[in-house]
Amino acid sequence: MLFSLSAVRTNSTMDEMNLIQQAARHHLVVRELDGEIDLEIGPGDDDDASFAPGLITGPLCETSGEEHADGKEMLMFSQLHGDDQDLSKSQPPKRKKKVVKRWREEWADTYKWAYVDMKDGTARIFCSVCKEYGRKHRRNPYGNEGSRNMQMSALEEHNNSLLHKEALRLQMASKDKIVADKPITVKALMSKTAGSIIEAALKRDPHEFEFIQSVQEIVHAMERVIAKNVHYASIMERLIEPERTIIFRIPWIDDRGDTHVNRGYRVQFSQALGPCRGSIRFHPSMNLSIAKYLAFEQTFKNALSPYKLGGAAGGSDFDPKGKTDSEIMRFCQSFMNELYRYLGSDQDLPSEDTGVGAREMGYLFGQFRRLSGNFQGSFTGPRILWSGSSLRTEATGYGLVFFAHLILADLNRELKGLRCAISGSGKIALHVTEKLLAYGAVPVTLSDSKGYLVDEDGFDYMKIQFLRDTKAQQRSLRDYSKTYARSKYYDEAKPWSERCDVAFPCATQNEIDQSDAINLVNSGCRLFVEGSSMPCTPEAVDVLRKANVIVAPAMAAGVGGVAAGELELNHVFNIMQWSPEDFESKLQEAMKQTYQRTLKAASDFGYQKESPEGMTAKLANLNLEWLNALICYAFGRALVYGAAIAAFLSIAQGMTDQGCV
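It should be emphasised that the depicted structure is a prediction, and the values quoted were computed from it without experimental measurement.

(A) Representation of the nonpolar core in the model. By size, the foremost hydrophobic cluster in this structure holds 104 residues, and its most contacted members are Met236, Ile407, Phe504 and Phe648. By residue number, the principal contributor to this core is helix H24 (residues 629-658), which donates 14 residues. The residues touching Ile407, leaving out its near neighbours within four places in the chain, are Leu527, Ile550, Ala552, Tyr595, Phe635 and Leu639. With 18 residues, the next largest nonpolar core counts Ile328, Met336, Met361 and Phe368 among its residues.

(B) Layout of the packing of helix H18 (residues 514-522) against helix H19 (residues 538-546). The N-to-C vectors of H18 and H19 enclose an angle of 20 degrees; their axes lie 7 Å apart at closest approach. Classified by the angle between their axes, H18 and H19 sit roughly parallel to one another. By crossing handedness, the relation of H18 to H19 is classed as right-handed. Packed against H18, whose contacting residues are Gln514, Ala517, Ile518 and Val521, the element H19 presents Glu539, Ala540, Val543 and Leu544 at the interface. Taken together, the residues of the contact of H18 with H19 break down into six nonpolar, one polar and one charged.

(C) Fine view of the pattern of salt bridges. In the structure shown here, the tally under the stated rule is 24 salt bridges. With its nearest N and O atoms 3.8 Å apart, the salt bridge here joins Asp258 to Arg256. Between Asp457 and Arg486 there is a salt bridge, and its shortest N-O distance comes to 3.2 Å. One end of the pair, Asp457, is in the loop between strand E15 (451-455) and helix H16 (461-472); the other, Arg486, is in the loop between helix H17 (478-483) and strand E16 (487-491), with 29 residues separating them in the sequence. The class for Asp457 is partly exposed, based on a relative accessible area of 46%. Connected through shared salt-bridge partners, Arg204, Glu237 and Glu241 make up one network.

(D) Region of interest: the sheet that holds E16. Read across the open sheet, the three strands follow the order E14-E15-E16; overall the sheet is antiparallel. Edge strands, defined here as strands with exactly one partner in the open sheet, are strand E14 (445-448) and E16. Along the sheet, successive strands turn relative to each other by an average axial angle of 20 degrees, direction set aside. Of the pairings in the sheet, the one linking E15 to E16 comprises five bridges and is antiparallel in character. Paired with Tyr452 across the two strands is Tyr490, which belongs to E16.

Calculation rules
- Residues numbered from 1 in each chain as written.
- Predicted model: local features only at pLDDT ≥ 70, side-chain atom pairs only at ≥ 80, totals over all residues.
- Heavy atoms only, no water.
- Core = buried A, V, L, I, M, F, W, Y, C linked by side-chain atoms within 4.5 Å.
- Buried < 20%, exposed > 50% of the residue type's maximum accessible area, 1.4 Å probe, protein only.
- Helix = DSSP H or I, 4+ residues; strand = E, 2+ residues; numbered from the N terminus.
- Contact = heavy atoms within 4.5 Å.
- Axes fitted to C-alpha atoms, helices over the stretch in contact; angles between N-to-C directions.
- Parallel < 35°, antiparallel > 145°, perpendicular 65-115°, else oblique.
- Left-handed = near helix turned anticlockwise from the far one by under 90°.
- Nonpolar A, V, L, I, M, F, W, Y, C, P; charged D, E, K, R; others polar.
- Salt bridge = Lys/Arg side-chain N within 4 Å of Asp/Glu carboxyl O.
- Pairing = 2+ DSSP bridges.

This is the structure in structure tokens:
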């Protein structure tokens, strides 16, 4: 039976009515946007007769005459089942027609799930959580983006995602549900639970994925603390908003005379305990979300250290790779031209991070000295002549190994003979490798942005020096495998599938996803020492926790860098002279104090019912499987939660004493 074009138009009208009805069922509040987005929709190979109606509602724009001509050629056939009717005509090939649909921004109850932004010159709908558009953030893509059978799937797939379910769970857990149109005030948040604190952060900064993830990890660890004292809920609500955020333009000129502009950030999160200390990172991925998460994590790390300090972080989306020394110098000077106003020994002191080493810190300090008119010698860097201790670069890496040694000592074990997988190949990773050798461990992997290197014989001091020379010449780790026969370099891969007992992720944030965590567990990893801040995605954290892998959080294990920075200042201002042995002894003592504070705070809030000595007694009769599942679960929670609790209590005391400022 042949239908006319008017029937097709009627069906299209019915489809639009269904779109509006489905939107109403999902309680969507529609708001018009100025722009339009071109979509390919219409009958096609990937269409489904029983498609879910549209994610976006709104009238279709008028189609052109050419599109009408195309529509006339599209004939729909149906076969009527009967004895005296037989229609067996062949159906012509289906052709797609392009229409323009006006997209509208949608809100689901109290959670803003999407926003509109430009991608390659085209307006796209982006997910507020994963910041991807189209099928990239959907688990089950069908056909091309925007086809009719996909019009509802974007919202459905997002609602089925783990992050969105977490947001909804927190919303349901809160006693006082936040209404989207209701302004958030400090008074309204005074009685909120830990879950609703995260919900408020999601509502305030929905696009800052890294920062929200960091807040979730901290607040989840603080649930018992907040439940014990409702006053801490208001403290946490104030704490997750930085005291000062500086965003500025960085113009600079390259060697060819061309002008470039980058964006600079400095987030001074809290000065409740003292002047800020925190890193500067130069990397193309740098943005406000990363700067805030780094500053937030640094605030807790500094509070947990033996020294009372505030936390800050910053940097720029500038990429130092491939730049000449003169170009980097001009950029650093332009960067400091704005930032110097907010720095000083009693205000904020920067330190190194990704893309910022001895060269960059020297240029930054030189311009700071020139603009401020005094020589404070207060920038934390590796130059003893102007920055202090000669072991500054080793401190963080050495501290990670010291912390791992303390954990194993409480379990009546040692690092000697254990295979260790390390990611990254920068200062921290190489110094972790170096100190592991001193303890008799066997470090077997390193990585860079292109892949990872594995040496089955393990690295030694000579090999480490070769790696340092390789990195200094900006060569790939692949060159190492050409020199040592028992090594191999794997392109576009991560080292977490290699057999190991202990893992040290020292590369960047979220470098370990769910599949990497599964590989780690299957590879035999039982101790996970975080060298970089927030190295795991939330899904990876769940995998490690369920597998009873002991996690030493970067908040506690990374305190070595903070301790070294303060020792540097004592060296400069008090004219103290320390040998490398004295410095290392003081660093070990700082790590031990941090470790003890972490376990004590965990015990005070019921996360560790037995002492480490009691756990050791239970493990005395075990074989080489040195981590009993129950003990590891309790010990792992004690480290992660205890570090956050101890740091928060120090910050909360300072904020309480100083009033609402």
